[in-house]
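Remarks on the overall topology
What follows is the residue order along each chain.
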Amino acid sequence: MKRTIFHIDQNCFFASVEMVAHPEYRNVPMAVTGDASKRHGIILAKNELAKKAGVKTAEAIWQAEQKCPDLVKVSSHYDKYAFYSGKLRALYEEYSDKVEPFGMDECWVDLTDVIGDRNPRELADEIRRRVREEFKLTCSVGVSFNKIFAKLGSDYRKPDATTVITEENFRDVVWPLPAADLLFVGGATASKLREVNIRTIGDIARSRREFMSDYLGKAGDMLWLYSNGLDESPVARSDYERELKSVGNSMTTPADILTRRQAAGTFRTLSASVAARLRKHKLLGTCIQISVRDKDLMTYEHQRMLFEPTNSERVIYENAMELFDESYDWHSAVRSVGVRCTKLIPEGSGIQMSIFSELEKGREEDGKLSKVIDDINRRFGTGTVKSCAELEGIMSPNYDPDFYDGGITEGKRNPFQ
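Small disclaimer: the values here were computed from a predicted structure and weren't measured.

Helix α4 (residues 78–92) packs onto helix α1 (residues 13–21) with a crossing angle of 100 degrees between their chain directions and a minimal axis gap of 10 Å. Considering their axes alone, α1 and α4 lie roughly perpendicular with respect to each other. The segment α1 lies against α4, with F13, F14, V17, E18, V20 and A21 engaging Y78, K80, Y81, Y84, S85 and L88. Here the residues of the contact of α1 with α4 are counted per class, giving 9 nonpolar, 1 polar and 2 charged.

Attention shifts here to the packing of aromatic side chains. Applying the stated rule across the entire model yields 17 aromatic pairs. Relative to Y215, the ring of F211 has its centre 5.5 Å away and its plane inclined at 10 degrees; by these criteria the two rings are stacked. Of the two residues, F211 and Y215 both sit in helix α10 (residues 209–216), 4 residues apart, roughly one turn of that helix. Here F211 falls in the partly exposed class, since its relative accessible area comes to 30%. When the centroid spacing of 5.6 Å and the interplanar angle of 20 degrees are considered together, the rings of F324 and Y328 count as stacked. Taken individually, F324 and Y328 each receive the classification buried, so the pair is uniform in this respect. An aromatic cluster is present here, built from F267, Y300, F324, Y328 and W330 joined pairwise through their rings. Over the aromatic face of W108 sits the side chain of K147, whose NZ or CZ is 4.7 Å from the ring centroid. The lysine or arginine in question, K192, covers the ring of Y215, its NZ or CZ lying 5.0 Å from the ring centre.

Looking now at helix α11 (residues 218–227). Burial in α11 covers these residues: G220, D221, L223, W224, Y226 and S227. Contacts from the buried residues of α11 go to α6 (147–156), α7 (170–173), α8 (187–195), α9 (201–206) and α10. At the exit of α11 stands G229, carrying a positive phi of roughly 75 degrees.

Now for the pairing of strand β7 (residues 139–144). Extensive coverage of β7 is indicated by the burial of 6 of its 6 residues. The alternating pattern of β7 places C139, V141 and V143 and S140, G142 and S144 on opposite faces, both of which are buried. Of the strand pairs in this sheet, β7 and strand β8 (residues 162–164) are connected by 3 bridges, and their pairing is parallel. Bridged to V141 within β8 is T162. With α6 bridging β7 and its parallel neighbour β8, the resulting β-α-β unit is left-handed.

Before going further, it helps to examine the confidence of the model for the protein chain. Put simply, the protein chain has an average pLDDT of 86, and 82% of its residues get 70 or more. Of the regions scoring below 50 in pLDDT, residues 392–413 engages in 63 contacts with residues more than four places distant in sequence or in other chains.

Once that is clear, we can look at the sheet that holds strand β1 (residues 5–10). Spatially, the 5 strands line up as an open sheet ordered β5-β6-β1-β7-β8, and their pairing is mixed. On the outer flanks of this sheet lie β5 (99–101) and β8, each paired with one strand and no other. Taken pair by pair, the neighbouring strands of this sheet meet at an average axis angle of 20 degrees, ignoring direction.

As a packed pair, α8 and α10 sit with axes 12 Å apart at the nearest point and diverge in direction by 125 degrees. One way to sum up the angle between α8 and α10 is to call them oblique. Our pair here, α8 against α10, has a crossing hand that is right-handed. Here T189, K192, L193 and E195 of α8 lie close against α10, whose contacting residues are M212, Y215 and L216. Split into classes, the residues belonging to the contact of α8 with α10 amount to 4 nonpolar, 1 polar and 2 charged.

Here T252 lies in strand β9 (residues 246–257). By relative accessible area, which is 12% here, T252 ends up buried.

Rules of the game
- Residues numbered from 1 in each chain as written.
- Predicted model: local features only at pLDDT ≥ 70, side-chain atom pairs only at ≥ 80, totals over all residues.
- Heavy atoms only, no water.
- Axes fitted to C-alpha atoms, helices over the stretch in contact; angles between N-to-C directions.
- Helix = DSSP H or I, 4+ residues; strand = E, 2+ residues; numbered from the N terminus.
- Parallel < 35°, antiparallel > 145°, perpendicular 65-115°, else oblique.
- Contact = heavy atoms within 4.5 Å.
- Nonpolar A, V, L, I, M, F, W, Y, C, P; charged D, E, K, R; others polar.
- Phe/Tyr/Trp six-rings, centres within 6.5 Å; stacked < 30°, edge-to-face > 60°.
- Buried < 20%, exposed > 50% of the residue type's maximum accessible area, 1.4 Å probe, protein only.
- Lys NZ or Arg CZ within 6 Å of the ring centre and 35° of its normal.
- Pairing = 2+ DSSP bridges.
- Right-handed = clockwise from strand over helix to strand, strands pointing away.
- pLDDT = per-residue confidence, 0-100.
- Left-handed = near helix turned anticlockwise from the far one by under 90°.

Structure below.
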């Protein structure tokens, strides 16, 4: 059966939510920005007036201000964006039980089994109207027979527009677009494609499949299929819980890390966050990874397998610091660090008990202490209980790992696997 899939993308989402609370922002160029004092000084979202002035998402605030001296800068409020995101998703679930998010501000909706005799374009227009009337926001909707082209459709016309890409018209609509517009064609891939004079999606589609596979490996074969409309990946059900592949946190500190003691405090905070998330999802990590970025923006990554799986803050921290000590020579100050646990398994997956009673007793006591700390932080807020080591890190007093660089890697995953 031919599928009917929508991709719904909120227009300038963060900025639009701010304009709901502050209508005066609609009449001036405005952007939601990161906190420059914490070295997150970039543009997170902008309204249409700022966009017309040349302001771009992810560029530095100072660059945006050069293009638009009158730019109004607004601090981000993730709690508000999450609230609206949940309400919008509930609206889409009125139409289908297959609603798959792709980040906070966009999602796919599979209407194949419920659309009946309704015209897909008219239904998309109805959803856009409801978003305007019920939330004072706007969205663009792509309608197609697969997820890839639905996503292209929502990007094709903005703001507040519906684009329909069919099996009959996709060669006319999609193939002239730049290759970089195809999902999963990043800057590096687009550059490699230009080297062999592949500049449009149509160029990918008309290339020999064997050539694309030889040139880019599995990614090349995937892009050839997608450009030819051969995407059969399903839209996940609304209640589908994805298998977590890793749990991690990273952060750019407000000032450069200059000493091992400062690094240890920062690693301790990140390890505590990672361990708490593992326990929340009843998972154990069997591999520890760290990332270190120096002040010259060079990034170093190292990992090691653990003797036994863990969700202990102490074990994660100790291994992270050992990796750091072994791999970083302090040739430069440190700008940001990260900790991640991978190769996850469920709790109770046959962990071998130690033959040494003291080690086994220590592990039990560590688990009991972690549970108490989790309970306190859950009741009174993240960071209520901290280790002394954390206080040595260069951290903001209001640091909340949920709103920084890390988190559970379940947001913009590859939804086509």
